[in-house]
Amino acid sequence: MNHGTPPVIRATTILALRKDGRAVMAGDGQVTLGETIMKRGATKVRFMYDDQVLVGFAGAAADAFNLFERLEAKLETFNGNLTRAAVDLAKDWRTDKILRRLEAMLLAMDREHILVISGTGDVIEPDEAVAAIGSGGPYALAAARALVNHSDLPAPEIAREAMRLAASICLYTNDQIVVHELGGEV
């Protein structure tokens, strides 16, 4: 038991990928406080900027909602330019005394870009059209990369299957998977 230390909130797995002109983001629904599953059906992926951008979070929910609002404002400021909005958010996040304490990561995508955004000022666009964050992120990422390169499955099915695999390995990821597609609900 950790006396005097608040329990760590562990949540989640978020996966984004593009394949054959389709762009999808998936997230599980589990929120864990310490050793306890607090919620099975949390929503961690949302559309922004007239449904042209998808954003998911891993980490503290209240912090993530703060970052969602700020990213949405940046997207408005930069007319939907995800890269400029993400860089400006990361700059603010890193330099602002209050924002610096936020404990979350964002995964954001539009039709051309997938970006991992962190509070250390990182805005990373992976070499491949696949990225994942959260405690189950490495498992989902490995599965999605393999399926993108070695299967004929469409993007939404790759996302579901990769998330199912992550849920079967990671204690902090469940099988309550939601997949969103830019240009339509999957």
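Note that the structure is predicted; figures quoted are calculated from it, not measured.

The rules we used
- Residues numbered from 1 in each chain as written.
- Predicted model: local features only at pLDDT ≥ 70, side-chain atom pairs only at ≥ 80, totals over all residues.
- Heavy atoms only, no water.
- Axes fitted to C-alpha atoms, helices over the stretch in contact; angles between N-to-C directions.
- Helix = DSSP H or I, 4+ residues; strand = E, 2+ residues; numbered from the N terminus.
- Left-handed = near helix turned anticlockwise from the far one by under 90°.
- Contact = heavy atoms within 4.5 Å.
- Nonpolar A, V, L, I, M, F, W, Y, C, P; charged D, E, K, R; others polar.
- Buried < 20%, exposed > 50% of the residue type's maximum accessible area, 1.4 Å probe, protein only.
- Pairing = 2+ DSSP bridges.
- Patch = residues over 30% accessible without salt bridge, like charges linked within 9 Å, V, L, I, M, F, W, Y side chains within 5 Å.
- Areas by Shrake-Rupley, 256 points an atom, 1.4 Å probe, with all protein chains shown as cover.
- Salt bridge = Lys/Arg side-chain N within 4 Å of Asp/Glu carboxyl O.
- Lys, Arg positive; Asp, Glu negative; His and termini not counted.
- Charge placed at Lys NZ, Arg CZ, Asp CG, Glu CD.
- Core = buried A, V, L, I, M, F, W, Y, C linked by side-chain atoms within 4.5 Å.

Enquirer: Please clarify how the packing of helix 3 (residues 137-150) against helix 4 (residues 155-169) should be interpreted in this entry.
Expert: A pair of packed helices is characterised by two quantities: the angle between their axes and the separation of those axes. Closest axis-to-axis distance for the helix 3/helix 4 pair is 8 Å, and the angle between their directions is 145 degrees. Considering only the axes of helix 3 and helix 4, their crossing is right-handed. For the pair helix 3 and helix 4, the contacting residues are Y139, A140, A143, A144, L147 and V148 in the first and I158, E161, A162, M163, L165, A166 and I169 in the second. When its residues are assigned to classes, the contact of helix 3 with helix 4 shows twelve nonpolar, no polar and one charged.

Enquirer: Explain the pairing of strand 11 (residues 130-134) to me, please; I cannot follow it from the model alone.
Expert: Strand residues, when the strand is regular, have side chains that alternate between the two faces of the sheet. Among the five residues of strand 11, four are classified as buried, and the element is accordingly described as predominantly covered. The pairing of strand 2 (residues 13-19) with strand 11 spans five bridges and is classified as antiparallel. Residue pairing across strands places L17 opposite V130, the latter belonging to strand 11.

Enquirer: Please explain the sheet that holds strand 7 (residues 53-59) as it appears in this structure.
Expert: The strands making up a sheet associate through backbone hydrogen bonding, with each pair oriented either parallel or antiparallel. Pairing in this open sheet of five strands is antiparallel, and the strands run 6-7-8-9-10 from one edge to the other. In this open sheet, the two strands that pair with only one neighbour each are strand 6 (45-48) and strand 10 (123-124). Two elements, strand 9 (residues 114-117) and strand 10, share two bridges in a ladder whose sense is antiparallel. Bridging across to strand 10, I117 finds its partner in V123. Contacts between helix 1 (residues 61-77) and the sheet are confined to strand 6, strand 7 and strand 8 (104-109), with strand 7 contributing the most and set at about 155 degrees to the helix. Each of strand 7, strand 8, strand 9 and strand 10 is contacted by helix 2 (residues 82-95), which is oriented at about 5 degrees to strand 9, the strand it contacts most.

Enquirer: Where do I start with a negative patch on the surface in this structure?
Expert: Together, D50, D51, E69, E72 and E76 make up a region of like negative charge exposed at the surface. Relative to the assigned elements, D50 resides in the loop between strand 6 and strand 7. Residue D50 is classed as exposed on the basis of its relative accessible area, which comes to 67%.

Enquirer: Can you help me understand the nonpolar core in this one?
Expert: Generally speaking, a soluble globular protein has its nonpolar side chains buried in company with each other. Counting 22 residues, the largest nonpolar core has M48, V53, V55, L71, L75, L106 and I117 as its most contacted members. Contributing elements (two or more residues each) for this core: strand 7, helix 1, helix 2, strand 8 and strand 9. It is helix 2 that contributes the most residues to this core, six residues altogether. When near neighbours in sequence (up to four residues on either side) are disregarded, M48 contacts V53, V55, F68, L71, E72 and L75.

Functional significance is not addressed by these values, which are geometric in nature.
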